[in-house]
Amino acid sequence: MFITHDLALGGLQQVIVNLCKTINRDLFEPQVLCLRALGDYTGDIQRLGIPVRLLPQKKHGSDYCAFVKVAKILKKERIDVIHTHNTQPFMDGTIGGILAGVKTMVHTDHARDFPDKRRYMFAEWFLSHFVSKVVAVSEHTGRNLMRYENISPKKIMVIPNGIDGSAYSISLDKQNKRKELSIIKNGPIIGIGVRLCEQKGITYLLNSMPQILKSFPDCALVIAGSGPLELELKKECKELGIQSDVFFIGMRLDIPELLKLFDVYVLPSLWEGLPMVLLEAMAAECPIAATDVGGVSSVIKSGETGLLVKPKDPPAITAAIIQLLTDTSLRKKIILNALNLFRSRFEARRMTEEYEKLYLGQHVKNREPLHVT
């Protein structure tokens, strides 16, 4: 049983989808339990013949006994293994698993900005004693779990996220895609697809655009996604005088096509774990400029598989984007290296094989602990 908040569009949820798609169905009978809501990925999982359940919802206020409902479902379905994702599923899923007598419990932390709330960090430290492993999506995330939550390094292991690369190996009529998105400009397209929130640092990308437009007057910035800062970011575009150069296209399900359309993918985040979108861009052969935060450097080696810049630095973002747009040999080198790295380390099946070993108990005793560096 995979236990998650929901199956809305997001990196965490995409990991669950990829696990469902690639898990060995001769050994495992997967199910998904959503604690808060369903979401856009629900149909993708159900089409695989995998049951998706929503925990019965309380009409008003917080449900402090959700773990009891979880335990009842786990008992009824005779679940042998649970795999929880992030804090609330970790708490309700693990306590429910203990009550239901589940044999094996695994948790994945998909990264967040530490330090978190003290009660959450204490709860995760306490519950880490009851799970087989706490999986971090990057070395950086693993170090944070040890530093801030004091989780034993013997409990932590790193399994990088993975995606299905075949979905991004597509051909695209770029002119038709431009028309579909109402992009009337004919120059290079800079792209980003994220939740529009403070974490993603989009304001710093916007502030780099005036200088980029001096070198490439006909370029466009396409922003896919929605979130609490959408109106504020649109207002900022007007203040910067770039509203006709920036296209907000909302939440999208055609990410592979967008990545094929973009000439550069930019991720100006302030903190990250291992962003799924970087793996998607690598698989789609879209060169990346990203901030050197969290687990990003485990994927992007500057000058080799992308370009890294410091966070909150619009001039550095400007320079990296212009370099990727002007240096043809560097672009080709980065695209090829990134694609090769993706195929060797980040295909979904590789990720799933590591988790399958955990589900079967093969990693629990015979695994080097994560070391603090």
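The structure contained in this document is the topic of the report that follows. (Residues numbered from 1 in each chain as written. Predicted model: local features only at pLDDT ≥ 70, side-chain atom pairs only at ≥ 80, totals over all residues. Heavy atoms only, no water.)

1. Let's talk about the nonpolar core
This is how the line gets drawn: Among the buried residues, those of types Ala, Val, Leu, Ile, Met, Phe, Trp, Tyr and Cys that are joined through side-chain atoms within 4.5 Å form a nonpolar core. Note on exposure labels: buried denotes an accessible area under 20% of the residue type's maximum, exposed denotes more than 50%, and partly exposed covers the range between, all computed with a 1.4 Å probe on protein chains only. Secondary structure elements are defined from DSSP: runs of H or I of at least 4 residues count as helices, runs of E of at least 2 residues count as strands, and each element is numbered from the N terminus. The criterion used for residue contact is that any of the two residues' heavy atoms lie within 4.5 Å.
One finds Val-32, Ile-45, Leu-206, Tyr-265 and Tyr-359 to be the most contacted residues of the largest nonpolar core, which totals 93 residues. With seven residues, the top contributor of residues to this core is helix α11 (residues 276-283). Excluding residues that lie within four positions of it along the chain, Val-32 makes contacts with Met-1, Phe-2, Thr-4, Leu-7, Ile-16, Cys-20, Ile-45, Ile-50, Pro-51, Val-52 and Arg-53. Counting residues in each nonpolar core, the second largest holds 27 residues, with Leu-35, Ala-71, Leu-127 and Ile-151 among its members.

2. A short note on the side chain of Ser-128
We count it as follows: Counted as a polar contact is a pair of N or O atoms within 3.5 Å, where, for protein atoms, one must be capable of donating a hydrogen and the other of accepting one, and residues adjacent in sequence contribute only when both atoms are in side chains.
With respect to the helices and strands, Ser-128 occurs in helix α5 (residues 118-128). Here Trp-125 takes part through its backbone oxygen, which lies 2.6 Å from a polar atom of the side chain of Ser-128. The residues contacting Ser-128, other than those within four sequence positions of it, are Phe-90, Val-134, Ile-151 and Lys-155.

3. As for the sheet that holds strand β10 (residues 246-250)
Which entries qualify depends on this criterion: When DSSP locates at least two bridges between a pair of strands, those strands are taken to pair. Only the contacting stretch of a helix is used when fitting its axis, a line to C-alpha atoms as for every element, and angles between N-to-C directions run 0 to 180 degrees.
If you walk across this open sheet you meet the six strands as β10-β9-β8-β11-β12-β13, and the pairing is parallel. Each edge of the open sheet is held by one strand with a lone partner, namely β10 and β13 (307-309). Here the average twist between neighbouring strands, direction ignored, is 20°. The pairing of strand β12 (residues 288-291) with β13 spans three bridges and is parallel. Looking across to β13, one finds that Ala-289 is bridged to Leu-307. Here α11 sits on the sheet and contacts β8 (189-193), β11 (264-267) and β12; the angle it forms with β11, its principal contact strand, is near 170°.

4. Regarding the pairing of β11
To keep things clear, this is the line we draw: Crossovers are marked right-handed if the path from the first strand over the helix to the second runs clockwise, as seen with the strands pointing away from the viewer.
Where burial is concerned, the two faces of β11 agree: the one with Val-264 and Val-266 and the one with Tyr-265 and Leu-267 are both buried. As paired elements, β8 and β11 share two bridges and run parallel to each other. Bridging from a neighbouring strand, Gly-191 pairs with Tyr-265 of β11. As paired elements, β11 and β12 share three bridges and run parallel to each other. Bridge pairing in β12 places Leu-267 opposite Ala-290. The handedness of the β11 to β12 crossover, carried by α11, is right-handed.

5. Observations regarding the pattern of salt bridges
The following threshold applies: Every case where a carboxyl oxygen of Asp or Glu lies within 4 Å of a side-chain nitrogen of Lys or Arg is listed as a salt bridge.
Across all of its chains, the model carries 20 salt bridges by this definition. Arg-112 serves as the salt-bridge partner of Glu-124, at 2.9 Å between the closest nitrogen and oxygen. With Glu-124 in helix α5 and Arg-112 in the loop between β5 (104-109) and α5, the pair connects residues that are twelve residues apart, well separated along the chain. When sorted by exposure, Glu-124 lands in the same class as Arg-112, which is buried. Residue Glu-354 is joined to Lys-357 by a salt bridge in which the shortest nitrogen-to-oxygen separation is 3.5 Å. On the criterion of helical spacing, the pair formed by Glu-354 and Lys-357 is a turn pair, its members being three residues apart in helix α14 (residues 348-359). On the basis of relative accessible area, Glu-354 is assigned to the partly exposed category, the value being 21%. The partly exposed category is assigned to Lys-357, whose relative accessible area is 32%. Salt bridges here are not isolated pairs; linked through shared partners, they connect Asp-109, Arg-112, Asp-116, Glu-124 and Glu-149.

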